[in-house]
Amino acid sequence: MKSLNMNHLFFSFLVLLISPAILNAAPVIQKKWETAAEFKLPESVIYDETNNVLYVSSMQDDPFKKDGNGFISKVGLDGKIIELNCVTGLNAPKGMAILDGNLYVADVDQLVEIDIEARKITNRYDAVGAGVLNDVIA
């Protein structure tokens, strides 16, 4: 019985000794890059594997208002903005998905289809009865 208590005491001491080292061993986060502060209320980012770039949706003002001033930016993998206003004419673009060379964007109460190569809106699909669309899944 005495050895069991001694083992328990030793184990407790070992835990107390090691615990601060474990608790203080926080992961190290290193910044790889950052973009210029030119986005206007950015909401979402998606990686385009085909073109090896990122697209960022910016709502600009009110995330629920159909005001026509939202846009999509094209950003390099080094964080440099390639084209701030790559696609314009959106309202408050949010989540995005890429499928068959098209970028699909949730834009208030519409799903907007954008031809990536042409950088043009090719279609708008009304989401009848939707409050506010937030994301897209391909």
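Along strand S3 (residues 70-75), five of the six residues are buried, which leaves the element largely enclosed by surrounding structure. Pairing of strand S2 (residues 53-58) with S3, which is carried by five bridges, proceeds in the antiparallel orientation. The partner of tyrosine 55 across the bridge, within S3, is lysine 74. If you look at the hairpin formed by S3 and strand S4 (residues 81-90), you'll find five residues sitting between the two strands, and glycine 79 has a positive phi there, around 90 degrees.

As a further point, take the nonpolar core. Tyr55, Ile72, Met96, Leu103, Val105 and Ile114 are the most contacted members of the largest nonpolar core, which totals 13 residues. Top element by residues in this core is S4. It accounts for three residues.

The next subject is the pattern of salt bridges. Side chains that differ in charge, positive against negative, can pair when their charged atoms come close. Enumeration according to the criterion identifies three salt bridges in this entry. One salt bridge in this structure joins aspartate 109 and lysine 66, with 3.0 Å as the shortest N-O distance. One end of the pair, aspartate 109, is in the loop between strand S6 (102-107) and strand S7 (110-115); the other, lysine 66, is in the loop between S2 and S3, with 43 residues separating them in the sequence.

By the element assignment, glutamate 113 lies in strand S7. Arginine 124 is the oppositely charged side chain nearest to the buried, salt-bridge-free glutamate 113, at an N-O distance of 10 Å. Non-local contacts of glutamate 113, meaning those with residues more than four positions away in its chain, are made with Asn102, Leu103, Tyr104, Lys120, Ile121, Thr122, Asn123 and Tyr125.

Note that cysteine 86 resides in strand S4. In the structure, cysteine 86 is positioned 31 residues away from tyrosine 55 in sequence and 8.9 Å away in space, judged by C-alpha atoms.

Below, the discussion takes up the sheet that holds S3. Taken together, the four strands give an open sheet; going across it, the order is S1-S2-S3-S4, and neighbouring strands pair in antiparallel fashion. With one partner strand each, in any of the chains shown, strand S1 (42-48) and S4 form the two edges of the open sheet. Each adjacent strand pair in this sheet contributes to an overall mean axis angle of 20 degrees, direction not counted. Bridge count for S3 against S4 is four bridges, and the pairing is antiparallel. By the bridge assignment, lysine 74 is partnered in S4 with glutamate 83.

The strand order across the open sheet built from four strands is S5-S6-S7-S8, with neighbouring strands paired in antiparallel fashion. Strands at the two margins of the open sheet, each flanked by one partner only, are strand S5 (93-99) and strand S8 (120-126). Pairs of neighbouring strands in the sheet enclose a mean axial angle of 25 degrees, with direction left out of account. Where S5 and S6 come together, five bridges link them in antiparallel fashion. In the strand pairing of S6, isoleucine 98 is matched with leucine 103.

Conventions adopted
- Residues numbered from 1 in each chain as written.
- Predicted model: local features only at pLDDT ≥ 70, side-chain atom pairs only at ≥ 80, totals over all residues.
- Heavy atoms only, no water.
- Buried < 20%, exposed > 50% of the residue type's maximum accessible area, 1.4 Å probe, protein only.
- Helix = DSSP H or I, 4+ residues; strand = E, 2+ residues; numbered from the N terminus.
- Pairing = 2+ DSSP bridges.
- Core = buried A, V, L, I, M, F, W, Y, C linked by side-chain atoms within 4.5 Å.
- Salt bridge = Lys/Arg side-chain N within 4 Å of Asp/Glu carboxyl O.
- Lys, Arg positive; Asp, Glu negative; His and termini not counted.
- Contact = heavy atoms within 4.5 Å.
- Axes fitted to C-alpha atoms, helices over the stretch in contact; angles between N-to-C directions.

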